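The chain contents come next:
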Amino acid sequence: MKLFLSVDMEGISGIVDASYINPDTGGVNYQRGRQFMTQDANAVIEAALDWGVTEILVADSHNTMNNILWESLHPKARLIAGTPRDYSMVQGLDESFDAAMFIGYHTRQGVPGVLSHTMSGVIRNLYVNGRVVGEFGFNAIYAGLYQVPVCMVSGDNLIAQEAGELIPGISTAVVKHAVSRTAALCLSREEATAELKQKTKAALSNLNDIAPFQTATPLEVAIEFAHAGQAELASIVPGAHYETESDTVYFKAADQQEMYKTMRALLNLAGGAEFF
């Protein structure tokens, strides 16, 4: 059995604010955050191997995607690290996988949750076929291209709720409860590890009850940007349509691969517009 792990950082055990996740300004806490991230990944890997999984691919999915401590990662797992990557947080996922798990995830921009955002600070809202999604939903849509079910998510109690609304029956490893966007009531290291292991095994045991997240194609994507300058730059992409009243750029994608690449192109362009 083959398992794909996309591991983000904001939803990792013990992480509550930006000092733990920013490689440029985080200092000591960022180094601690890397350790916490690796420990969460290892808890899931160990439980999956105990259950009977034979092959595990881990995609470091935060910021520059060089956060997981490679030398401390479980030796039975392979690691995709570094950027750029065509499919970013789900690079390496294909039809050969039996299941995917999203570890250390967070809620979407504009809603409560620890360190909530969607992909980049330039996005206010992201819609696929009229449904607002965050990183969890967007990546689950991509997994659906290959008929791979997303069977578990870990993070705070609010990403558990967001994921459950999209994928009924998904296992949710809640390692902290949001108090505010930069505060949380955290389980102990031991409790968080136990929660991750228990929910990993439960997810794999109930895998037949979780269907891949299906989305009709072609996909209609809308990105509402934080301000007009970002939307103007993003709309340079051929096929994109800029609606000035809402600072929203629309595009259609034939499939999830085109959806992901086009979204990345728009975000990269929009990132060049400063906010004054």
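For the structure itself, look to the data block above.
Here's a quick rundown of the structure.

## A closer look at the packing of aromatic side chains
Part 1: Tallied over the entire structure, the rule returns nine aromatic pairs.
Part 2: For the ring pair Tyr87 and Tyr260, a centre distance of 6.3 Å and an interplane angle of 90° mean the geometry is edge-to-face. Of the two residues, Tyr87 sits in the loop between strand S3 (77-80) and strand S4 (99-105) while Tyr260 sits in helix H6 (residues 256-270), which places them 173 residues apart along the sequence.
Part 3: Between Phe138 and Tyr260, the aromatic rings sit 5.1 Å apart at their centres with planes inclined by 70°, giving edge-to-face as the arrangement. Highlighted residues: Phe138 in helix H2 (residues 135-145) and Tyr260 in helix H6, separated in sequence by 122 residues.
Part 4: The exposure class assigned to Tyr260 is buried, which follows from its relative accessible area of 0%.
Part 5: Over the ring of Phe97 we find Lys2, and its NZ or CZ is 4.5 Å from the ring centre.

## A few points about the sheet that holds strand S11 (residues 241-243)
Part 1: Strand order in the open sheet made by the five strands is S6-S5-S10-S12-S11, with antiparallel pairing throughout. Both outer strands of the open sheet, strand S6 (131-132) and S11, are each paired with one neighbouring strand and no more.
Part 2: Here two bridges tie strand S5 (residues 123-128) to S6, and the two strands are oriented antiparallel to one another. Pairing of Val128 across the sheet is with Arg131, part of S6.

## Comments concerning the sheet that holds S4
Part 1: Across the sheet, seven strands lie side by side as S3-S2-S1-S4-S7-S8-S9; this open sheet has mixed pairing. In this open sheet, the two strands that pair with only one neighbour each are S3 and strand S9 (183-186). Sheet twist, expressed as the mean angle between neighbouring strand axes with direction ignored, is 25°.
Part 2: Note that strand S2 (residues 55-60) and S3 share four bridges and pair parallel. Of the residues in S3, the one forming a bridge with Leu57 is Arg78.
Part 3: Sheet strands in contact with H2 are S4 and strand S7 (150-156), and its direction is about 165° off that of S4.
Part 4: The strands touched by helix H3 (residues 157-166) are S4, S7 and strand S8 (171-180); relative to S7, the strand with the most contacts, the crossing angle is about 155°.

## Let's talk about unusual backbone geometry
Glycine aside, residues mostly have negative phi, and peptide bonds are mostly found in the trans state.
Part 1: A cis geometry characterises the amide bond from Thr83 onward to Pro84, with omega recorded as 10°.
Part 2: Relative to the helices and strands, Pro84 is located in the loop between S3 and S4.
Part 3: With an omega dihedral of 0°, the bond running from Thr217 to Pro218 counts as a cis peptide bond.
Part 4: Mapped onto the secondary structure, Pro218 falls in the loop between helix H4 (189-205) and strand S10 (219-225).
Part 5: With a phi angle near 50°, Asn129 is a residue other than glycine that sits in the positive phi range.
Part 6: If you trace the backbone, Asn129 turns up in the loop between S5 and S6.

Rules of the game
- Residues numbered from 1 in each chain as written.
- Predicted model: local features only at pLDDT ≥ 70, side-chain atom pairs only at ≥ 80, totals over all residues.
- Heavy atoms only, no water.
- Phe/Tyr/Trp six-rings, centres within 6.5 Å; stacked < 30°, edge-to-face > 60°.
- Helix = DSSP H or I, 4+ residues; strand = E, 2+ residues; numbered from the N terminus.
- Buried < 20%, exposed > 50% of the residue type's maximum accessible area, 1.4 Å probe, protein only.
- Lys NZ or Arg CZ within 6 Å of the ring centre and 35° of its normal.
- Pairing = 2+ DSSP bridges.
- Axes fitted to C-alpha atoms, helices over the stretch in contact; angles between N-to-C directions.
- Contact = heavy atoms within 4.5 Å.

Worth remembering: the numbers are spatial, not functional.
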